[in-house]
Amino acid sequence: MNTIKVVAVDPGYGAIKVCVDRQTYLMPSAIARVREIGKADIGMKAISQAKTIQFGWHTYAVGEGAWHWGEPLTNRDYSAINSPERMVLIFAAIAQLLPPGEYVIEVLVIGLPVPLLMDPSQSEAVMNGLKAYKSEHAFETPKGKYKLTFQKLKVLAQPVGAYADWLLDDELCIRKNGRQAEVAVLDTGMNTLDLYVIQDGKVLPRFIGGDKVGVRRLLEILDSNGHDPEELDAQLRTGRLKPSREQLESWLSEVLAAVERTWPNLRRFSTVIPAGGGSVLLGDLLRVALISKGAAVTWPADPGTTNVNGLWKWGAYGK
């Protein structure tokens, strides 16, 4: 039996991010139940070799190319965070960082979207559902069999991760003057833009907000030509789909409008940290736009994984 102190999960709708003992893995949040076709593929090769995982009575394809293996099961409703499919995605991502075996995980840190947490009824239902993780979970991948036992669950708003990644160094020491800083995190995921402000580890309710203007708004601006959002998102991540500057600027205008409603004056914050896959896509367009509005921008080494890295640090620091 192996013991792991902290595992962090950012269950994004565009990509699942996990961090195990400082190792980070990102996997597209695509999942499909594998369709049995008998010998219909005789003499042929599959169009893609998606990762597979057997959980319960079913075998699932997950990650890049999963959509080729069956009807996509992805659901972007907040309640889907507790679905068996989302649990399968998380386990499959963790398995990419661990060899087969039995593991006891002392603390599982999960980040949730801010708009979800702002809705009392939805957030209570989701958080009650997350308690299902606190038990044993057995599954199998092509690498072998796994059994994960989670002892403690810690739930945080996803942007707390970006804050913790900024506040704590690799040795979990607090940066100089970090406690006094008023830090604004602008987290652009697949579904939502999350806005969160923290000072000395405490939230500032006045500046918490968000809107559904995440990456999916860009995908709506683009012509899908019948492709599923998961396919388009994967193409964006790999550079096979390149939005025009005009399309990016159209999306950015919606993001900035949402920011201004909650943060009318960016100059007041010690720093503004862009996070999430949307920040990666917008890149310098977002950076320059924020600076032009007076923001002191701190750009993470990787905005796409800064949340999950920080969630892991927060979990480890809290021990």
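Relevant structure appears above.
A brief report on the enclosed structure follows. Once a new chain begins, its residue numbering starts again from 1 and follows that chain's sequence as written. Local features in this predicted model are restricted to residues of pLDDT 70 or higher, and side-chain atom pairs are both shown and tallied only at a pLDDT of 80 or more, whereas totals for entire chains, interfaces and linings draw on every residue. Computation of side-chain values covers all heavy atoms of the structure but excludes hydrogens and water.

Here we look at the nonpolar core
Definition used in this section: a nonpolar core is a set of buried Ala, Val, Leu, Ile, Met, Phe, Trp, Tyr and Cys residues joined via side-chain atoms within 4.5 Å. For each residue, the accessible area found with a 1.4 Å probe, counting protein chains only, is set against the maximum for its type, and the residue is called buried under 20%, exposed over 50%, and partly exposed in between. Counting 71 residues, the largest nonpolar core has V62, F91 and W263 as the members making the most contacts within it. The contacts of V62, once residues within four sequence positions are left out, are M27, A30, I31, A50, K51, I53, V88, L89 and A92. In this description, contact between two residues means that some pair of their heavy atoms is separated by no more than 4.5 Å.

Some words on the pairing of strand β2 (residues 15–20)
Burial of β2 is extensive: six of the six residues sit out of reach of the surface. Only DSSP runs of H or I covering at least 4 residues are called helices, and only runs of E covering at least 2 are called strands; the numbering of each starts at the N terminus. Here β2 shows two buried faces, one formed by A15, K17 and C19 and the other by I16, V18 and V20. Strands qualify as paired when DSSP identifies two bridges or more between them. The pairing of strand β1 (residues 2–11) with β2 spans five bridges and is antiparallel. Within β2, the residue paired with V9 across the bridge is V18. Where β1 folds back onto β2 in an antiparallel hairpin, the turn is made up of three residues. As paired elements, β2 and strand β3 (residues 23–28) share six bridges and run antiparallel to each other. Within β3, the residue paired with A15 across the bridge is P28. What sits between β2 and β3 in their antiparallel hairpin is a turn of two residues, with D21 showing a positive phi close to 50°.

Details of the environment of A316
Mapped onto the secondary structure, A316 falls in helix α10 (residues 306–318). Excluding residues within four positions of it along the chain, A316 makes contact with V6 and L172.

Observations regarding the pairing of strand β8 (residues 136–141)
What you see with β8 is a clean split: H137, F139 and T141 sit on the buried side and E136, A138 and E140 on the side with no burial. Pairing analysis gives six bridges linking β8 to strand β9 (residues 144–157), with the strands arranged antiparallel. Residue T141 lies in a different strand from β9, and its bridge partner there is G144. Between β8 and β9, which pair antiparallel in sequence order, lie two residues.

Let's talk about helix α1 (residues 84–95)
Helix span, as expected, comes to 1.5 Å for every residue beyond the first. Between the first and last C-alpha of α1 there are 16 Å, a value that for 12 residues agrees with the 16 Å anticipated at 1.5 Å per step. Along α1, 11 of the 12 residues are buried, which leaves the element largely enclosed by surrounding structure. Taken together, the buried positions of α1 are E85, R86, M87, V88, L89, I90, F91, A92, A93, I94 and A95.

Looking at helix α7 (residues 245–262)
With 18 residues, α7 extends 26 Å between its outermost C-alpha atoms, agreeing within 8% with the 26 Å of an ideal straight helix rising 1.5 Å per residue. Taken together, the buried positions of α7 are occupied by L248, W251, L252, V255, L256, A258, V259 and T262. Projected onto a plane normal to the axis of α7, the buried residues spread over an arc of 160° and lie on a single side. Opposite the buried face of α7, at more than 90 degrees from it, the exposed residues are E246 and R261. At its buried positions, α7 is contacted by β10 (182–188), β11 (193–199), β13 (209–211), α5 (215–221), α8 (277–282) and α9 (284–292). The directions from the helix axis to the C-beta atoms are what the arc is built from.

Focus on the pattern of salt bridges
Salt bridge, as used here, is a side-chain nitrogen of Lys or Arg placed within 4 Å of a carboxyl oxygen of Asp or Glu. Inspection of the entire model under this criterion finds 10 salt bridges. R245 is the salt-bridge partner of E249, the closest N and O atoms lying 3.0 Å from each other. You can see E249 and its partner R245 sitting in helix α7, four residues apart, about one turn around the helix. The class of E249 is partly exposed, set by a relative accessible area of 36%. A cluster of three or more residues bridged by salt bridges with shared partners is formed by R179, D200 and K202.

Notes on the packing of aromatic side chains
The description of an aromatic ring pair rests on the distance of the ring centres and on the angle between the ring planes. Ring geometry is summarised as follows: Phe, Tyr and Trp rings, the Trp one being its six-membered ring, pair when their centres sit within 6.5 Å, and such pairs are stacked at plane angles under 30 degrees, edge-to-face over 60 and tilted between the two. Under the defined criterion, the tally for this structure stands at 10 aromatic pairs. An angle of 80° between the planes, with centres 6.2 Å apart, marks the rings of F91 and Y133 as edge-to-face. A residue pair is termed long-range when its members are at least 10 positions apart, and F91 in helix α1 and Y133 in the loop between α3 (120–130) and β8 qualify at 42 residues. When its relative accessible area of 2% is taken as the criterion, Y133 is described as buried. An angle of 5° between the planes, with centres 5.4 Å apart, marks the rings of F91 and F139 as stacked. Of this pair, F91 sits in helix α1 while F139 sits in strand β8, and the two are 48 residues apart along the sequence. Note on accessibility: F91 and F139 belong to one class, buried. One aromatic cluster is present, formed by F55, F91, Y133, F139, Y146 and F150 through successive ring pairs. Ring-over charges, as used throughout, are those where CZ of Arg or NZ of Lys falls within 6 Å of the ring centre and within 35 degrees of the ring normal. Taking the ring centre of W299 as reference, the NZ or CZ of R287 above it sits at 4.7 Å.

Keep in mind that these numbers describe shape and distance, not what the molecule does.
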